[in-house]
Amino acid sequence: MDLHHVGIATPEPEAMLERYRALGYTLEAEEKLPQQGVHAFMLVSGGHRLELLVPLGPETPVGRFLERRGPGLHHLAFATPDLERTLAELAAAGAPLIDKEPRRGFGGHRVAFVHPRWYGGVLVEFVEAGA
């Protein structure tokens, strides 16, 4: 599977946008996802994407992440052509799925997360390509 994007948690989107612009990234889109408690900014440079995640409140998953760990790497996201198949294969292998069913993510993509303990402490998201 190809890497789709890298998620980065930050309480300071303006500062981070400027810092990544200095590296050649441009803002592709932004979206508030109330069901996930986040305001997301998708940056792109060439074929590479970074997703800046700003919590909509302290009791959201990203808000709690920032409280515990501070700003930084939040997750890795991988593209998959068939999210249901990927989830079924992961479940059969014993992966602890955070999402047993796909949910709506940034840009309307169908996404699902796997608990960080399965990937050595890294939260992993799967994004259905072409959704």
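See the structure printed just above.
Everything numeric here is computed off the predicted structure, so don't read it as measured data. Every chain begins its residue count from 1, and numbering advances along the sequence as written. Given that the model is predicted, a residue must reach a pLDDT of at least 70 before its local features are reported, and side-chain atom pairs must reach 80 or more before they are shown or counted; all residues, however, enter totals for whole chains, interfaces and linings. The basis for every side-chain value is the complete set of non-hydrogen atoms in the structure, without hydrogens or water.

### What to know about the sheet that holds strand β7 (residues 110-114)
Any two strands with at least two DSSP bridges between them are considered paired. Helix and strand assignments come from DSSP, with helices taken as H or I runs of at least 4 residues and strands as E runs of at least 2, each series counted from the N terminus. Spatial ordering of the open sheet is given by β2-β3-β4-β1-β5-β8-β7-β6, a layout of 8 strands whose pairing is mixed. With one partner strand each, in any of the chains shown, β2 (26-33) and β6 (103-104) form the two edges of the open sheet. We call two residues contacting when some pair of their heavy atoms lies within 4.5 Å. Helix axes are fitted to C-alpha atoms over the stretch in contact, other axes to C-alpha atoms as well, and angles between N-to-C directions run from 0 to 180 degrees. Each of β5 (72-80), β7 and β8 (123-128) touches helix α3 (residues 83-92); the most contacted strand, β7, lies at about 15 degrees to it.

### What to know about the nonpolar core
Considering soluble globular proteins, one finds that nonpolar side chains tend to be buried as a cluster. Ranked by size, the top nonpolar core spans 11 residues in total: V6, I8, M16, L17, Y20, Y25, F41, L43, L50, L52 and V54. Elements that contribute at least two residues to this core include exactly β1 (3-9), α1 (13-21), β3 (38-45) and β4 (48-55). Apart from residues lying up to four places away in sequence, I8 is in contact with Y20, L50, E51, L52, L53, G72 and H74. Side-chain atoms within 4.5 Å are what join buried Ala, Val, Leu, Ile, Met, Phe, Trp, Tyr and Cys residues into a set we call a nonpolar core. Here's how the labels work: a residue is buried when its accessible area is under 20% of the maximum for its type, exposed when over 50%, partly exposed in between, all with a 1.4 Å probe on protein chains only. In terms of nonpolar packing, the next biggest core, distinct from the first, is built from 10 residues, A40, L53, F65 and L66 among them.

### Topic: helix α2 (residues 61-69)
Those residues of α2 not exposed but buried are V62, G63, F65 and L66. Burial along α2 is one-sided: seen end-on, the buried residues are contained in an arc of 160 degrees. Set apart from the buried face of α2 by more than 90 degrees, the exposed residues are E67 and R68. In this structure, the buried residues of α2 make contact with β1, β3, β4 and β5. The first or second residue beyond α2 is G70, which carries a positive phi of 85 degrees. Working definition: the arc comes from the directions between the helix axis and the C-beta atoms, pointing outward to the latter.

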